[in-house]
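Here is how the chains run, residue by residue.
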Amino acid sequence: MAYAYDDQNIFAKILRGEIPNNTVLETEHSLAFRDIAPQAPDHVLVIPKGPYVTYDHFAAEASDAEIADFTRAIAQVCAKLGIEPGTDGMGYRLISNAGEAGVQEVPHLHIHILSGRPLGRMLQKA
Ligand code: 5GP
């Protein structure tokens, strides 16, 4: 599978500092920032700094250091937001849309972290 990365996508521009963002966390290989159109009281996007289109692309081709950093960044964001399950009925949902069927809008890997309200069931019928 060949993954074509478009470096003009909006998250590439955020990473280059061409567009501002509301940063929650920055690490060596990852950036987390608030979604511009939040679907829940907490809606944070976590992205790798490397040019990966989807989760499977990242999981197949990123270095171990990038994968560890990205995974730990998600934990750090959850801790920062105080949304870990177990605390006051909190909890969260991770979503990563990929491709056409996944209705991916921005072609740079991102994990949505959603929390702060009851999120309902995982999927609605299309
Ligand atoms: P997708 O549909 O690709 O999974 O999600 C893309 C997300 O990026 C959407 O939730 C959308 O609101 C968010 N988004 C799009 N443009 C921007 C932007 O310029 N800044 C931020 N912070 N989020 C954006």
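Residues numbered from 1 in each chain as written. Predicted model: local features only at pLDDT ≥ 70, side-chain atom pairs only at ≥ 80, totals over all residues. Heavy atoms only, no water.

Caption draft 1: Up close: the packing of aromatic side chains. For the structure shown, the criterion picks out four aromatic pairs. Note on Y52 and F58: the rings are 5.2 Å apart at their centroids and 75° apart in plane angle, and the pair reads as edge-to-face. Taken as a pair, Y52 and F58 share a single burial class, namely buried. (Phe/Tyr/Trp six-rings, centres within 6.5 Å; stacked < 30°, edge-to-face > 60°. Buried < 20%, exposed > 50% of the residue type's maximum accessible area, 1.4 Å probe, protein only.)

Caption draft 2: Expanded view of the nonpolar core. Counting 18 residues, the largest nonpolar core has A32, V46, F70, I74, V77 and I113 as its most contacted members. If one sorts the elements of this core by residue count, helix α3 (residues 64-81) sits on top with six residues. Filtering out sequence-adjacent residues up to four positions away, F70 remains in contact with S30, V46, I47, P48, Y55, F58, L109 and I111. Grouped together as the second largest cluster of nonpolar side chains are seven residues, I14, F33, I47 and V106 included. (Core = buried A, V, L, I, M, F, W, Y, C linked by side-chain atoms within 4.5 Å. Helix = DSSP H or I, 4+ residues; strand = E, 2+ residues; numbered from the N terminus. Contact = heavy atoms within 4.5 Å.)

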